[in-house]
Amino acid sequence: MSDIPPLPEIIFYILRRGLYHSLLLTALGLSIGFILGLSLALMRVHGAKELAWFSSGYEKLFRGIPLIVLIYVFAFGLPDIFWYIDPLELRLGSVVLALSLRSAAYQSQIFRGAILSVTPGQTEAARSLGMKESQAFRHIVMPQALRLAVPSWSNEYAVVIKDSSFASTIGIIEMTQAAYFVSVNFQEIWALSYLILAILYLLFTYPITRIFGERQSKKLKKMGMGGG
Amino acid sequence: MILQDRPNPIGELLIVLEYWDHLLSGFLLTMWLYGWALLMGFLLGLTLANLRQYGGWFLSRIASGYIEFIRGTPLLAQLFFIYFLPSSLNIPVGDWKIETSFTILNKDITIILLNYRTLAGLLTLGLNSAAYQAEYFRGAIMSIGTEQLMAAQSLGMSRIAGIRHIVLPQALRRVIPAWSNEAAYLPKYTVVVYFIGVKDLFSQAHHTVAFTFISVTTYVLIAIIFLVTITIISKGLDIIHKRTMIPGL
Amino acid sequence: MLRVVDIWKSYEDLHVLKGVSFEIGEGEVKVIFGPSGSGKSTLLRCINMLNPPDKGEVYLRGQNITASEVNINAMRARIGMVFQHFNLFAHLKAIDNVSIGLRRVKGFPKEEAQAKALEVLQSVKMEKWADHYPAELSGGQQQRVGIARALAMDPDVILFDEPTSALDPELIGEVLQVMLDIAKAGTTMIVVTHEMGFAKAVASEMIFLGDGVIIESGTPEHFFVSPKSERVKNFLKQLDVLYGSHEKLLK
């Protein structure tokens, strides 16, 4: 039974070893998901029937599969195709790919909802000035839609940073894996190390969702946006 | 090219399907976990929502705190915390189990319905789902509005009676679309129990991979099974929703 | 300058407009009124092609804008519209609301557009609120910005779709005053409204629309002294009860 290190040391250890990958995976997953998700939303709102159908199918597919299974599909499948790439990078790539594809499906829904809730009168007014549909969309609808999407998007951020913890299951050293190392080396605090881990994640999620969540929704309603 | 010497996906699929009894056992256990977790989440979630909305200052804060904590932390961390809690507190866990067996098509299938690991997994999933379900219930309760409760009280009903007979029945009907969403997607999250050694569908998939060395196809098959299951549950709930609709609610 | 010829419009089985025709010359003000559901709003949206008619044509300065080859956006830039619910761009300040049409549709450089926008805001007495967002303005203020937004484009004609119907009574006066001012300054206006005081003051012609057709049209004197149809008489009587007090709001 070894001496248990003091609490601050445990926290610093988890952060030092794991924060980098946790944040990297989250950032990549969210940004690729953003680009892909926004495109999918536009496909469903303004695209031809086939595109809309594809986008709808994509959403259903990547919402209906467990993230871990998706990660494993890539983790086992990618090395076959990309045998020349370093294994660690492949594992990171698997997680990023899985996170992005999943996030895109959810972000697509978020943006589609936001676009649809911009008051129709706004587009009418824009067109009455002589703007083309594309101009009205770019300058009037999208700015408002993006603002309306903030509360749901802050929620998606929280989801992705939590989901990045699954990277630990294929050996990537992010925060959850670091906590695992702690718990293995100091078995009396099995549970405590995970409690600490949980609180660390909470620090990353709660402030953001609190500020950009419901409070933002109410602020937007007051500004007269959305509700369409 | 590197892919030339791999057997075709169909061939691989057939090999994997020879282990259908393992996969079935895993699937049944997954559904078992799903059912209990959903139920637990429902009961606890509804309680939390009521506490948040109608509890006093203290109780509603506790409920909020619980919900924010669960929603702000990863499921995996919650799982490990609960799993390791007894051993950290030096509470003995024991090696007990409750299982059931039956035979299908000449294959024996045994499912461990309950043991320590399964219990820990089930508890985690239930506690987790409760926090998310609570948010849906709270939204529905809020949307029914205080006026309904005021009207009930003006008739002489106590607050609790008003909540029980006027607000909740309406709230529960209104929440069905959003709740169906959570209910349909919950099976996805049961896969985490693999990491504490519960033999769910995901775990059995690993097992099969260990025997067949066919990995991608197996996991894709699992993904498809989940997708189909979720779609069926979703459509089923949709049908129930349409059958029990009340105009205006 | 604007000719509306035999407009027909229906939604599914419901015929909303059944052959409406009229003309308006430069500097004239036409007031369209009638029971709700008679198609007044639809008519306006047919004129600026936001909702193209099923049958019929609209001629702007001799040009058939309902023809398919026409660049409808360029046409719309010449027809202004003021909406019942203001429809100000919620994410833009007042001055940007007025200038965005100049910048994005007419291609004005930013400084020119802002300068012109400020000028127009002055004419509706809203220049002090240029940097405010719509949510910070009262209904009457928002509508005045809406009028400014339409005016800034120097349109040939401005369509008003019940501009004061969504306003609280105390705020209606300021908007009607602005409308009076621009009417007296020679703006060509087609106004759907129930504000009879406004009509009496500046309308060159009034049109009563009912069940999708023009039932009666004529000068204000004609309507208020000796309307022909019973229906119009009854309608005017009801209007007077509701809106007669607004005449005092106008000078």
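Owing to the predicted nature of the structure, the values given are computational and were not obtained by experimental measurement. (Residues numbered from 1 in each chain as written. Chains lettered and ligands numbered in written order. Predicted model: local features only at pLDDT ≥ 70, side-chain atom pairs only at ≥ 80, totals over all residues. Heavy atoms only, no water.)

Scanning chain B from N- to C-terminus turns up ten helices and two strands. Reading chain B from its N terminus to its C terminus gives the helix and strand order α-α-α-α-β-β-α-α-α-α-α-α. Considered along the principal axes of its C-alpha atoms, chain B spans approximately 75 × 50 × 40 Å. Per-residue burial over chain B gives 46% buried out of 249 residues. A total of about 12,800 Å² of accessible surface is found on chain B, and carbon and sulfur atoms cover 66% of it. Counting 17 positive and 13 negative side-chain charges, chain B places the centres of these two groups 13 Å from one another. (Helix = DSSP H or I, 4+ residues; strand = E, 2+ residues; numbered from the N terminus. Buried < 20%, exposed > 50% of the residue type's maximum accessible area, 1.4 Å probe, protein only. Areas by Shrake-Rupley, 256 points an atom, 1.4 Å probe, with all protein chains shown as cover. Lys, Arg positive; Asp, Glu negative; His and termini not counted. Charge placed at Lys NZ, Arg CZ, Asp CG, Glu CD.)

Further remarks concern the interface of chain A and chain C. Between chain A and chain C, the residue contacts involve 21 residues of the former and 24 residues of the latter. Together chain A and chain C conceal approximately 1,900 Å² of surface at their shared face, both sides included; 60% is due to carbon and sulfur atoms. When residues of chain A are sorted by the area they lose upon contact with chain C, A:Glu124, A:Ser128 and A:Leu129 head the list and together hold 31% of the total. Linking chain A with chain C are one salt bridge. Notably, a salt bridge pairs C:Arg45 with A:Glu124, separated by 2.3 Å at the nearest N-O pair. Linking chain A with chain C are seven residue pairs in polar contact (both at pLDDT 80 or more). Secondary structure elements with two or more residues in the side of chain A that touches chain C: helix H5 (120-128) and helix H6 (133-163) of chain A. Considering every element that reaches the side of chain A that touches chain C, the biggest residue donor is H5(A), with seven residues. Class assignment for the residues of the side of chain A that touches chain C results in eight nonpolar, eight polar and five charged. (Contact = heavy atoms within 4.5 Å. Buried area = accessible area lost by both parts, 1.4 Å probe. Salt bridge = Lys/Arg side-chain N within 4 Å of Asp/Glu carboxyl O. Polar contact = N/O pair within 3.5 Å; in protein donor to acceptor, adjacent residues only side chain to side chain. Nonpolar A, V, L, I, M, F, W, Y, C, P; charged D, E, K, R; others polar.)

Next up on the list: the arrangement of the chains. The pair of protein chains exhibiting the most contacts, out of two pairs of chains in contact, is chains A and B. As for chain C relative to chain B, no contact occurs, and the smallest C-alpha gap between them is 25 Å.

What follows is about the pattern of salt bridges. All names here are of chain C. Applying the stated criterion across every chain yields a total of 19 salt bridges over all chains. Close ionic contact of Lys 30 with Glu 205 constitutes a salt bridge, the shortest N to O distance being 2.2 Å. Of this pair, Lys 30 sits in strand E3 (residues 29-33) while Glu 205 sits in strand E9 (residues 205-210), and the two are 175 residues apart along the sequence. Accessibility expressed as a relative area gives 6% for Lys 30, which makes it buried. The salt bridge involving Arg 78 is made with Asp 156; its shortest N-O contact spans 3.0 Å. Placement of the pair is Arg 78 in helix H2 (residues 72-78) and Asp 156 in the loop between helix H5 (139-152) and strand E7 (157-161), with a sequence separation of 78 residues. Judged by relative accessible area, which is 24%, Arg 78 ranks as partly exposed. For Asp 156, a relative accessible area of 15% puts it in the buried group. Residues joined in a network through salt bridges with shared partners are Glu 26, Arg 61, Arg 78 and Asp 156.

Considering all chains together, one arrives at 28 aromatic pairs over all chains under this definition. Note on A:Tyr180 and A:Phe181: the rings are 6.3 Å apart at their centroids and 45° apart in plane angle, and the pair reads as tilted. The class of A:Tyr180 is partly exposed, set by a relative accessible area of 38%. According to the relative accessible area criterion, A:Phe181 is partly exposed, its value standing at 25%. On the numbers, 5.1 Å between centres and 65° between planes, the contact of B:Tyr83 with B:Phe84 is edge-to-face. We classify B:Tyr83 as buried; its relative accessible area is 16%. An aromatic cluster of three or more residues is present, and its members are A:Tyr72, A:Phe76, B:Tyr194, B:Phe195, B:Phe202 and B:Tyr219. Looking at C:Arg3, its charged tip hangs above the ring of C:Tyr59, at a distance of 4.6 Å from the centre. (Phe/Tyr/Trp six-rings, centres within 6.5 Å; stacked < 30°, edge-to-face > 60°. Lys NZ or Arg CZ within 6 Å of the ring centre and 35° of its normal.)

Residues and elements named next belong to chain C. Strand order in the open sheet formed by six strands is E6-E7-E8-E3-E9-E10, and the pairing between neighbours is mixed. Single-partner strands in this sheet number two, and they are strand E6 (79-82) and strand E10 (213-218). Neighbour to neighbour, the strand axes of the sheet diverge by 20° on average, direction disregarded. Taken together, the four bridges between E7 and strand E8 (residues 189-192) define a ladder with parallel strand orientation. (Pairing = 2+ DSSP bridges. Axes fitted to C-alpha atoms, helices over the stretch in contact; angles between N-to-C directions.)

Below, the discussion takes up H5(A). Where H5(A) is concerned, the buried positions are A:Gly121, A:Gln122, A:Ala125, A:Ala126, A:Arg127 and A:Ser128. One or two steps after H5(A), the chain reaches A:Gly130, where phi turns positive at roughly 105°.

Moving on: the layout of surface pockets. Roughly 570 Å³ of internal volume is contained in the second largest pocket. If you trace the second largest pocket, you find 23 residues lining it, with A:Lys60, B:Asn181, B:Tyr185, B:Ser234 and B:Lys235 closest to the centre. Going through the elements one at a time, helix H2 (49-63) of chain A together with helix H8 (176-189) and helix H10 (216-243) of chain B are the ones with two or more residues in the lining of the second largest pocket. No other element matches the eight residues that H10(B) contributes to the lining of the second largest pocket. Classifying every residue of the lining of the second largest pocket by side-chain character gives eight nonpolar, nine polar and six charged. (1 Å grid on protein atoms, 1.4 Å probe; cavity = no way out; pocket = protein on both sides within 12 Å on 5 of 7 lines; lining within 4 Å. Points joined across faces, edges and corners; volume = space filled by probe spheres on them.)

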